[in-house]
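In case you want the letters, here they are:
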Amino acid sequence: MSVEPKGKSLTGFGLSYEDVEIGDHFETPSREVTATVIEAFAEMTGDRFEIHMSDEAARRHGFPARVAHGLLVLSLVDGLKNNAVARFRAVASLGWTWRFSGPVFAGDTIKAEVTVADKRTTRNPARAVLRLRFVVRNQWGGIMQEGENQLMIYRRDIA
């Protein structure tokens, strides 16, 4: 059971620290995780663990079909965040705390709910840090991944 975010629904490009409050939220677009995407990720990273490469191997390990790499899904989620209706004036990602809650299979469609969990200024008056909470769901609403990202962003009218 998910809890409805308490803040406003964010939209707009170039959002700064002053534009958001704790509890503000947005949803990313969705993306199908195809076998082709899984194969390209395996080629790029060298991670060819067999559950990612074939349905048969995945079934031998107790999965009904081939499984997307957890880090592939996280990477796709970060890209979806950067193509959402709300976009931050980002400087850099400072880190992720992440959990793989369930398998994403080839053919699944994912999207994420993103909520501002915390915000703080830094010693640099032009920059601040948001702690963003992500809940990644598949096409049936199941939670597949979840976690947080520390994102350094610009402050308004300072940078």
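Everything that follows concerns the structure shown earlier in this document.
Residues numbered from 1 in each chain as written. Predicted model: local features only at pLDDT ≥ 70, side-chain atom pairs only at ≥ 80, totals over all residues. Heavy atoms only, no water.

Q: Describe the pattern of salt bridges, with residues and values.
A: Within this structure, the stated rule accounts for 13 salt bridges. With its nearest N and O atoms 3.8 Å apart, the salt bridge here joins E21 to K119. Taken together, the positions of E21 in the loop between β1 (12–15) and β2 (25–27) and K119 in strand β6 (residues 109–121) put the pair 98 residues apart, joining distant regions of the chain. In this structure K119 comes out as buried when scored by relative accessible area, which is 15%. Note that K111 and E27 form a salt bridge whose closest N and O atoms lie 3.2 Å from each other. Here the residue K111 occupies a position in strand β6, and E27 occupies one in strand β2, the gap between them amounting to 84 residues. Residue K111 is classed as partly exposed on the basis of its relative accessible area, which comes to 33%. The network of salt bridges with common partners includes E50, E56 and R60. (Salt bridge = Lys/Arg side-chain N within 4 Å of Asp/Glu carboxyl O. Helix = DSSP H or I, 4+ residues; strand = E, 2+ residues; numbered from the N terminus. Buried < 20%, exposed > 50% of the residue type's maximum accessible area, 1.4 Å probe, protein only.)

Q: Break down the side chain of D24 for me, with residues and values.
A: Among the secondary structure elements, D24 is positioned in the loop between β1 and β2. Note on D24: relative accessible area 3%, which makes it buried. Polar contacts involving the side chain of D24 include one to the main-chain amide nitrogen of E21, which spans 2.8 Å. Not counting residues within four places of it along the chain, the set of residues in contact with D24 comprises G7, K8, L10, D19, V114, T115 and V116. (Polar contact = N/O pair within 3.5 Å; in protein donor to acceptor, adjacent residues only side chain to side chain. Contact = heavy atoms within 4.5 Å.)

Q: Pulling in residues and values, what's your account of the environment of P125?
A: Residue position: P125 is located in the loop between β6 and β7 (127–137). On the accessibility criterion, P125 (51% relative accessible area) is exposed. Separated by 30 residues in sequence, P125 and R155 have C-alpha atoms that sit 7.6 Å apart.

Q: Describe the packing of aromatic side chains, with residues and values.
A: Throughout the structure, instances matching the rule amount to 4 aromatic pairs. On the numbers, 5.4 Å between centres and 50 degrees between planes, the contact of W96 with F134 is tilted. One end of the pair, W96, is in strand β5 (residues 90–100); the other, F134, is in strand β7, and 38 residues separate them in sequence. Judged by relative accessible area, which is 29%, W96 ranks as partly exposed. Residue placement shows K119 over the ring face of Y17; its charged tip is 4.1 Å from the ring centre. (Phe/Tyr/Trp six-rings, centres within 6.5 Å; stacked < 30°, edge-to-face > 60°. Lys NZ or Arg CZ within 6 Å of the ring centre and 35° of its normal.)

Q: Describe the packing of helix α1 (residues 35–45) against helix α4 (residues 70–81), naming the residues involved and giving the relevant values.
A: Closest axis-to-axis distance for the α1/α4 pair is 10 Å, and the angle between their directions is 105 degrees. Here α4 runs roughly perpendicular to α1, going by the angle between their axes. Taken together, the residues of α4 that come into contact with α1 (itself represented by V37, I38 and F41) are L71, L72, S75 and L76. (Axes fitted to C-alpha atoms, helices over the stretch in contact; angles between N-to-C directions. Parallel < 35°, antiparallel > 145°, perpendicular 65-115°, else oblique.)

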